[in-house]
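# Descriptive analysis of the structure
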Amino acid sequence: MSKKIIIAIDGFSSCGKSTLAKALAKELSYVFIDTGAMYRAVALYFMRNHISFEDLNAIENAIKEIKLHFVFNDTTGKSDMYLNGENVELAIREMKVSQKVSEVAAIAAVRDFAVAQQQAMGEEKGIVMDGRDIGTVVFPNAELKIFVTADPKIRTERRFKELLATQPNITREEVAENLTHRDLIDSTREHSPLKQASDALVLDNTNLNQEEQFTMALNWAKERINA
Ligand code: DC
């Protein structure tokens with residue numbers, strides 16, 4: 001049996017990280033974890049329960065009430081996010097959550113809560129995890145680290161088209177503003193900011209289609225698995 005590795009995929013919002021991670025996991029029969037979904041679920045819980053993002057005491061108490069788990073969905077080929085037993089996969093993708101999630105993901109107590117679970121999920125290896133700090137903080141020893149980038153205009157266009165399917169009233173301007181806002185908070189926050197790990201391989205997919213970037217990443221993965 002071939003060696004199992006950890007594949008860490010990081011990058012800015014809407015770079016196609018999850019699409020790539022999902023395809024790699026399927027090809028390698030690995031587990032795929034979209035860590036952004038965990039921060040989104042925590043943000044949703046805080047919003048529903050009116051937890052102030054400034055009230056550390058309330059945040060710590062709220063976290064104790066949160067149970068997150070993933071359940072594989074055969075139709076989408078990826079796992080749905082469950083928050084305290086409820087499937088919140090659609091709710092966490094709504095713009096009102098996207099507008100708040102970066103603030104929630106910047107809170108140290110929230111990151112500690114999410115990172116501990118992510119590290120436990122990787123204990124057996126055979127995992128593809130995407131996020132912002134996977135190669136730098138969650139799995140600094142991952143065998144393969146990929147940092148995905150793309151031109152912001154292309155990212156806006158891709159995200160806009162994707163969101164139109166479920167949110168027909170969304171505007172391109174709203175999507176562009178949200179991406180800029182999240183990139184700024186994600187890369188300048190104090191705790192585990194988004195940054196390229198020194199040993200990450202950069203994959204700029206501005207001019208690549210999904211198939212081309214998948215082939216590139218799969219070759220990198222095979223090199224590591226067979227090393
Ligand atoms: O990947 P995404 O857009 O669903 O992520 C939602 C938010 O969570 C985004 O603003 C960045 C944050 N995030 C993070 O800080 N660390 C991660 N490992 C994954 C996501």
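Before going into details, it helps to say that this report is about the structure given with it.

### A look at the side chain of Asp80
Among the structural elements, Asp80 can be located in strand E4 (residues 78-83). Lys78 provides the closest opposite charge to the buried, unpaired Asp80, separated from it by 6.4 Å. A distance of 3.0 Å separates polar atoms of two side chains, one belonging to Asp80 and the other to Asn73. Once residues lying within four places of it in the same chain are set aside, the contact partners of Asp80 are His69, Phe70, Val71, Asn73, Asn87 and Glu89.

### What about the sheet that holds strand E2 (residues 31-34)?
Read from one edge of the open sheet, five strands run E2-E6-E1-E7-E8, paired in parallel fashion. One side of each edge strand has no neighbouring strand; the edge strands of this open sheet are E2 and strand E8 (201-204). Mean inter-strand twist for the sheet, computed between neighbouring axes without regard to direction, equals 20°. Of the strand pairs in this sheet, E2 and strand E6 (residues 127-131) are connected by four bridges, and their pairing is parallel. Residue pairing for E6: Phe32 is matched across the bridge by Val128. Packed onto the sheet, helix H1 (residues 17-28) meets strand E1 (6-11), E2, E6, strand E7 (144-149) and E8 and runs at close to 165° relative to E1.

Parameters and conventions
Residues numbered from 1 in each chain as written. Predicted model: local features only at pLDDT ≥ 70, side-chain atom pairs only at ≥ 80, totals over all residues. Heavy atoms only, no water. Helix = DSSP H or I, 4+ residues; strand = E, 2+ residues; numbered from the N terminus. Buried < 20%, exposed > 50% of the residue type's maximum accessible area, 1.4 Å probe, protein only. Lys, Arg positive; Asp, Glu negative; His and termini not counted. Salt bridge = Lys/Arg side-chain N within 4 Å of Asp/Glu carboxyl O. Polar contact = N/O pair within 3.5 Å; in protein donor to acceptor, adjacent residues only side chain to side chain. Contact = heavy atoms within 4.5 Å. Pairing = 2+ DSSP bridges. Axes fitted to C-alpha atoms, helices over the stretch in contact; angles between N-to-C directions.

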